[in-house]
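Close look at the chain arrangement
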Amino acid sequence: MASLRWVSWIMIAHLFVLTFVYPDSSSDSNKLKEIPKKFLQFAKEPELFDWMVGIRRRIHENPELGYEEFETSKLIRTELDKLGISYKYPVANTGVIGYIGSGQPPFVAIRADMDALAMQELVEWEHKSKVPGKMHACGHDAHVAMVLGAAKIIQKHSEELKGTVVLVFQPAEEGGGGAKKIIEAGVLDNVNAIFGLHVAHYIPLGEVAGRPGPMLAGSGAFEAVIRGKGGHAAIPQHSIDPIVAASNVIVSLQHLVSREADPLDSPVVTVAKFQGGGALNVIPDSVAIGGTFRAFLKSSLIQLKQRIKEVITGQAAVHRCNGTVDFFEIEIPLFPPTVNDNELHEHFQNVAGDMLGIDKVKDMKPVMGSEDFSFYQEMIPGYFFFLGMNNETLGQLDSAHSPYFRINEDALPYGAALHASLATRYLLELPSQVTFPDEKRHDEL
Ligand SMILES: *[C@@H]1O[C@H](CO)[C@@H](O)[C@H](O)[C@H]1NC(C)=O
Ligand SMILES: *[C@@H]1O[C@H](CO)[C@@H](O)[C@H](O)[C@H]1NC(C)=O
């Protein structure tokens, strides 16, 4: 014991000498380490917390679908105006891109999605959706409030800010590929890194989860019509039965995963829609089927798309039917897999660890859900993570896309402070290592 004690004394003395010799770098690094906790404390103060809650509830009451987020976008711009934050609008129809800081490099982006889902809210509460058939059931209302909250935090601590934080309020995450349109608008060309988050009902409040590399699957959607010839159900020889044809199509589609794909690729093909017929004694003219396909490699996704088309048309033909397939290339672009940058993962662990304690920063397994955040990551090193909301004393929360989905608003300060700290610390610590090819570099956005 005694000798151990001596060892510790020597270590402490050593630390003291190091601190003494390098007072500046050590106090700088302490200052950096304190930023996340300081931001969280600030975000939890009633002034900022209540403001975020108010914004989130106003958006929740008035949900708008992809590319129709006119009022949401207006609300965001009004708040940015009040904060004196400049922005570009419209970008990708309803999108807003805000700028805090010098307007000069380095640039780091934080992103929120704005759209709601076409579903009826079944939660009875004071701020229930006022629009029948539309609901914020994926937390995008909270995501917007968090990025606005982050803007306020960053602005209040502008003495810590180097370079520029770019606020991305994008339309149409739910299938519309709004992120792709933001990229195509060219507004993020010089951004060095981008961060995004999603609320998670199953992760405890005060915890976060992320991983380096592939995290969420790439995805595509398809719909097909199998056309036969309708007739009397008792005289099948006079009809061409699309129900049996479609049934065989669906069974054959299962073999794309079980027999053609590399099992280690973990692809998914799900037929989620099967519509045909109505009467019990009529063979219908046609059947409509549709579904989703997922994979972690873009090449697997492209291969699946090709084979889904071949199987549907080929198998329909076997049954004398005509099969046509639509992949909605325009409305629902193929989502790439969400792949987190390794260096940004380390940054996330450092920053979230300094804020929450490293034991609250969990590693997660990849999941087959998808996110259009992946479009940014195709162009810019990006990091996406999940933010815990679960507080058991408040009752079990339902999953995203459930009509009973609720937000634990206590998560808002965590999301806002994480966005603000990830961006601020990134600008202070990382981009010195990033170099752009000359032709890509402009000095402002
Ligand atoms: C399938 O398409 C071909 C060519 O357009 C047409 O001749 C045939 O009648 C169609 N068959 C069915 C079952 O619709
Ligand atoms: C969970 O909710 C209870 C009741 O509102 C609250 O007292 C507690 O602080 C919450 N827990 C966390 C971690 O915020």
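It should be emphasised that the depicted structure is a prediction, and the values quoted were computed from it without experimental measurement. (Residues numbered from 1 in each chain as written. Chains lettered and ligands numbered in written order. Predicted model: local features only at pLDDT ≥ 70, side-chain atom pairs only at ≥ 80, totals over all residues. Heavy atoms only, no water.)

**Things to note about the domain arrangement of the protein chain**
How big an interface is tends to be stated in terms of accessible area lost as the parts join. Selection rule: The split into domains, and so the bounds of each, comes from an automatic or database assignment of domains. Whether two residues touch is decided by their heavy atoms; if any such pair falls within 4.5 Å, the residues are in contact. Buried area: the accessible surface (1.4 Å probe) lost by two parts on joining, summed over both. A pairing counts as a salt bridge when a side-chain nitrogen of Lys or Arg comes within 4 Å of a carboxyl oxygen of Asp or Glu. The term polar contact refers here to a pair of N or O atoms within 3.5 Å; inside protein, the definition further demands a hydrogen-donor-capable atom paired with an acceptor-capable atom, and it admits residues adjacent in sequence only when both atoms are side-chain atoms. Lys, Arg, Asp and Glu make up the charged group, whereas Ala, Val, Leu, Ile, Met, Phe, Trp, Tyr, Cys and Pro make up the nonpolar group; the residues left over, Gly among them, are polar.
One can read the domain layout of the protein chain as domain 1 (27-214 + 337-429) and domain 2 (218-326). The C-alpha centroid of domain 2 is placed 38 Å from the C-alpha centroid of domain 1. Between domain 1 and domain 2, the contact holds 8 residues from the first and 9 residues from the second. Roughly 720 Å² is buried in total at the junction of domain 1 and domain 2, and carbon and sulfur atoms are behind 66% of that figure. Counting the surface domain 1 buries against domain 2, the share from its top three residues, Pro337, Met368 and Ser370, is 72%. Note that glutamate 378 and lysine 298 form a salt bridge whose closest N and O atoms lie 3.1 Å from each other. Connecting domain 1 to domain 2 are 3 residue pairs in polar contact (both at pLDDT 80 or more). Residues that form the side of domain 1 that touches domain 2 fall into these classes: 5 nonpolar, 2 polar and 1 charged.

**Things to note about the layout of surface pockets**
Rules: Grid spacing is 1 Å over the protein atoms alone, the probe is 1.4 Å, and a cavity is where that probe fits but cannot get out, while a pocket is an open set with protein on both sides within 12 Å along at least five of seven lines and lining residues have an atom within 4 Å of a point. Grid points are joined across faces, edges and corners, and a volume is the space filled by probe spheres set on the points. For the purposes of this entry, the term helix denotes a DSSP run of H or I that reaches at least four residues, the term strand denotes a run of E that reaches at least two, and both are numbered from the N terminus.
By volume, the largest pocket amounts to about 950 Å³. Looking at the largest pocket, it is lined by 41 residues, and the ones nearest its centre are Glu173, Glu174, Arg294, Ser370 and His401. Looking at the lining of the largest pocket, the elements with two or more residues in it are strand E5 (193-204), strand E8 (218-227), strand E12 (286-295) and strand E16 (382-390). Shared between two domains, the lining of the largest pocket takes at least three residues from each, and those domains are domain 1 (27-214 + 337-429) and domain 2 (218-326).

**Description of the site of ligand 2**
To keep it simple, the criterion reads: Any residue with a heavy atom lying within 4 Å of a molecule or strand is counted as near it. Accessible surface is estimated by sampling points in the Shrake-Rupley manner with a 1.4 Å probe; for residues, cover comes only from the protein chains shown.
In the vicinity of ligand 2, the residues found are Leu205, Asn391, Thr393 and Leu394. Asparagine 391 is positioned with one of its side-chain polar atoms (N or O) 2.3 Å from an oxygen atom of ligand 2. One of the side-chain N or O atoms of threonine 393 is found 3.0 Å from an oxygen atom in ligand 2. For ligand 2, whose unbound accessible area comes to 360 Å², protein coverage reaches 39%. Here the shell around ligand 2 is composed, by residue class, of 2 nonpolar, 2 polar and no charged.

**Concerning helix H8 (residues 298-318)**
To keep it simple, the criterion reads: In this scheme, a helix's expected span is set at 1.5 Å multiplied by one less than its residue total. Each residue is assigned to one of three classes by its accessible area relative to the maximum for its type, calculated with a 1.4 Å probe on protein chains only: buried under 20%, partly exposed between the two thresholds, exposed over 50%. The arc in question is formed by the directions pointing from the helix axis toward the C-beta atoms.
Over its 21 residues, H8 runs 30 Å from end to end, which matches the ideal 30 Å to within 8%, given 1.5 Å per residue. Those residues of H8 not exposed but buried are Ser300, Leu301, Leu304, Ile308, Val311, Ile312, Gln315 and Ala316. Seen along its axis, H8 keeps its buried residues to an arc of 110 degrees; they face one direction. Lining the buried residues of H8 we find E8, helix H7 (242-260), strand E10 (268-276), E12 and strand E13 (322-326).

**Side note on the sheet that holds E10**
Under the convention used in this document: Whether two strands pair comes down to DSSP finding at least two bridges between them. Between N-to-C directions, angles cover 0 to 180 degrees, with each direction set by a line fitted to C-alpha atoms, over the stretch in contact for helices.
Taken in spatial order, the 4 strands make up an open sheet running E10-E12-E8-E13, and their pairing is antiparallel. The open sheet terminates on both sides in strands that have one partner only, identified here as E10 and E13. Pairs of neighbouring strands in the sheet enclose a mean axial angle of 20 degrees, with direction left out of account. As defined by bridge partners, E8 adjoins E13 across 5 bridges and the pair is classed as antiparallel. Paired with valine 225 across the strands is threonine 324, a residue of E13. Contacting E8, E10 and E12, H7 crosses the sheet at an angle of about 170 degrees to E10. Contacts from H8 reach E8, E10, E12 and E13 within the one sheet, and its direction differs from that of E12 by about 160 degrees.

**Some thoughts on the sheet that holds strand E1 (residues 86-91)**
Reading across the sheet, the 8 strands line up as E1-E2-E4-E3-E5-E16-E6-E15 and stay open at both edges, with mixed pairing between neighbours. At either end of the open sheet lies a strand with only one pairing partner, and these are E1 and strand E15 (361-363). Taken pair by pair, the neighbouring strands of this sheet meet at an average axis angle of 25 degrees, ignoring direction. Here strand E2 (residues 95-101) pairs with strand E4 (residues 164-170) via 6 bridges, running antiparallel. Looking at E4, one finds that glycine 98 is bridged to leucine 167. Across the sheet, helix H9 (residues 342-356) lies against E5, strand E6 (208-210), E15 and E16, angled at about 145 degrees from E15, the strand it touches most.

**Let's talk about the nonpolar core**
Heads up, the condition is: Among buried residues, the Ala, Val, Leu, Ile, Met, Phe, Trp, Tyr and Cys ones that are joined through side-chain atoms within 4.5 Å form a nonpolar core.
Judged by nonpolar contacts, the single largest core of 73 residues is most densely connected at Ile110, Ile153, Val165, Leu167, Phe169, Val208 and Leu387. Ignoring any residue separated from it by four or fewer positions in sequence, one finds valine 208 in contact with Ile203, Phe348, Ala352, Leu356, Lys360, Val361, Lys362, Phe385, Phe386, Leu387 and Leu418. If you look at the next biggest cluster of nonpolar residues, it comprises 28 residues, including Ile97, Ala109, Val168 and Phe373.

**Regarding the environment of glycine 163**
With respect to the helices and strands, the residue glycine 163 is situated in the loop between helix H5 (140-156) and E4. Spatially, the C-alpha atom of glycine 163 lies 59 Å from that of serine 286, the residues being 123 residues apart in sequence. Excluding residues within four positions of it along the chain, glycine 163 makes contact with Ile100, Gly101, Ser102, Gln104, Pro105, Pro106 and Leu427.

**Looking at the packing of aromatic side chains**
Applicable threshold: The pairing test for Phe, Tyr and Trp rings, Trp by its six-membered ring, is centres within 6.5 Å, and the orientation test on the planes gives stacked under 30 degrees, edge-to-face over 60, and tilted for anything in between. Each ring is checked for a lysine NZ or an arginine CZ that lies within 6 Å of its centre and within 35 degrees of its normal; such an atom marks a charge sitting over the ring.
Per the stated rule, a full pass over the model turns up 10 aromatic pairs. Aromatic pair phenylalanine 195 and tyrosine 426: ring centres 6.3 Å apart, planes at 70 degrees, arrangement edge-to-face. A residue pair is termed long-range when its members are at least 10 positions apart, and phenylalanine 195 in strand E5 and tyrosine 426 in helix H11 (residues 412-429) qualify at 231 residues. With a relative accessible area of 0%, phenylalanine 195 lands in the buried category. What links up through ring pairs into an aromatic cluster is the set Phe373, Tyr376, Phe384 and Phe386. The ring of tryptophan 51 carries lysine 152 above its face, with NZ or CZ at 3.9 Å from the centroid.

**Digging into the site of ligand 1**
By nearness alone, every residue bordering ligand 1 is listed as Arg227, Gly228, Arg320 and Asn322. Coverage of ligand 1 by the protein chains reaches 36% of its 360 Å² of free accessible surface. Of the residues that constitute the shell around ligand 1, the class distribution is no nonpolar, 2 polar and 2 charged.

**Here we look at the pairing of E4**
Which entries qualify depends on this criterion: We call a crossover right-handed when, viewed with both strands directed away from the observer, the connection leading from the first strand over the helix to the second proceeds clockwise.
Along E4, 7 of the 7 residues are buried, which leaves the element largely enclosed by surrounding structure. Alternating residues of E4 divide into Thr164, Val166, Val168 and Gln170 and Val165, Leu167 and Phe169, and every residue in both groups is buried. As paired elements, strand E3 (residues 107-113) and E4 share 7 bridges and run parallel to each other. Counted as the bridge partner of isoleucine 110 is leucine 167 from E4. For the crossover that starts at E3, traverses H5 and ends in the parallel E4, the hand is right-handed.

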